[in-house]
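Survey of secondary and tertiary structure
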Amino acid sequence: MDLSKNRKKIILISSLAECLILGGPAYGWPSLVFVLRDRGYFSDLCVNSDQANSGNNSSSDQNIESRYPTCTEQDARLQLVFIIGIFGHNSGALIFGFIYDKFGYRIARIISSTLILLACLIFAFSGPSTSNLTFIALHLLATGSSNLIVTNTQVGNIFGNRRSTVIGLISGACGSSAVIMVFIQIAYNAGISMMASFSFLAGLTVFFTINTVLLPKYKFPWPVPTDLENRMQVATMYGGTNANEFNASGSDPATTSNNDTLWVDVEYKTRLSCLSSPMFLLFSMWFSIIQLIHLFYLGTNPVH
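The present account deals with the structure reproduced in this document. Small disclaimer: the values here were computed from a predicted structure and weren't measured.

Let's shift gears to the layout of surface pockets. Estimated volume of the largest pocket: approximately 710 Å³. Those elements that provide at least two residues to the lining of the largest pocket are α3 (72-103), α5 (133-152), α6 (163-176) and α12 (278-300). Looking at the lining of the largest pocket, the element that brings in the most residues is α3, giving eight residues. Its residues assigned to classes, the lining of the largest pocket shows 11 nonpolar, nine polar and two charged.

Attention now moves to the nonpolar core. Ranked by internal contacts, the top residues of the largest apolar core, which has 40 residues, are W29, L32, F123, L138, F198 and L201. Among the secondary structure elements, those contributing two or more residues to this core are α1 (5-22), α2 (29-39), α3, α4 (105-125), α5, α7 (179-189) and α8 (194-207). In this structure, L12, V155, I158 and V166 belong to the second largest nonpolar core, which totals 10 residues.

This part covers the pattern of salt bridges. Enumeration according to the criterion identifies two salt bridges in this entry. A salt bridge links E18 to R109; the shortest N-O distance between them is 2.7 Å. You can see E18 sitting in helix α1 and its partner R109 sitting in helix α4, a full 91 residues away along the chain. Its relative accessible area of 2% is what places E18 among the buried residues.

Positive phi outside glycine occurs at F42, with the angle close to 60°. Tracing the backbone through its elements, the reader meets F42 in the loop between α2 and α3.

Parameters at a glance
Residues numbered from 1 in each chain as written. Predicted model: local features only at pLDDT ≥ 70, side-chain atom pairs only at ≥ 80, totals over all residues. Heavy atoms only, no water. 1 Å grid on protein atoms, 1.4 Å probe; cavity = no way out; pocket = protein on both sides within 12 Å on 5 of 7 lines; lining within 4 Å. Points joined across faces, edges and corners; volume = space filled by probe spheres on them. Helix = DSSP H or I, 4+ residues; strand = E, 2+ residues; numbered from the N terminus. Nonpolar A, V, L, I, M, F, W, Y, C, P; charged D, E, K, R; others polar. Core = buried A, V, L, I, M, F, W, Y, C linked by side-chain atoms within 4.5 Å. Buried < 20%, exposed > 50% of the residue type's maximum accessible area, 1.4 Å probe, protein only. Salt bridge = Lys/Arg side-chain N within 4 Å of Asp/Glu carboxyl O.

This is the structure:
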């Protein structure tokens, strides 16, 4: 018996909502900078600065009247927070990929949710006197968010021929989550405190643990076996510990699909032969160049 349509819809909607809200809010950092500057984060760097601006000066298009002085040293420190923090979004994918393969879906998601929850709480309860905590908070937020991409893209496996469409939707939702910081800035201008906004995000992080319960404990099989839902129920009842729990029927999901057609793929005898193959080397070179351009843009783009 395959997964029911209603359950698939719930899984897809909850995964998209989670990625849209928590998949990459760190990329909206420039919007949060206006809030942090107005609250006086790193304003102590402007006390002896020759380029310090009066606290009454503000960006006319943001309608923020800062109570603290601003200066280039403050902007440079906020830029440094972003550079260090956003590094976790890419390095986290490498770490969580290993965790996902080693321990499975549920453990990876628990770690991710914990990191995002801690990040939101640190932002919520931080202040000008604890400005340096933003280094930790943004790094935790970016690292935890990267795992949502690693785990939630696996949801595409349960949609068969629409697998690529679902993966594209989830990836797009993660990229669009930068708008969350814009909403936090708008809420701050409307009188809603930064503590309230990030406390609300922390609550959503707890709410989205529903995905951890709805989805398999270990891994998504591909192609999906026809009795996936039964196997999930059996694994839940008996608390299986085998990461290959879905292969209990004796068929190999790497070679058999729902319509009994052969799934053709290249098999390498050793891990070294895979890493040294032309396909892997060309893909690594292409992806490295794309990432280098992306990170160079993020690292040099001013936040003010």
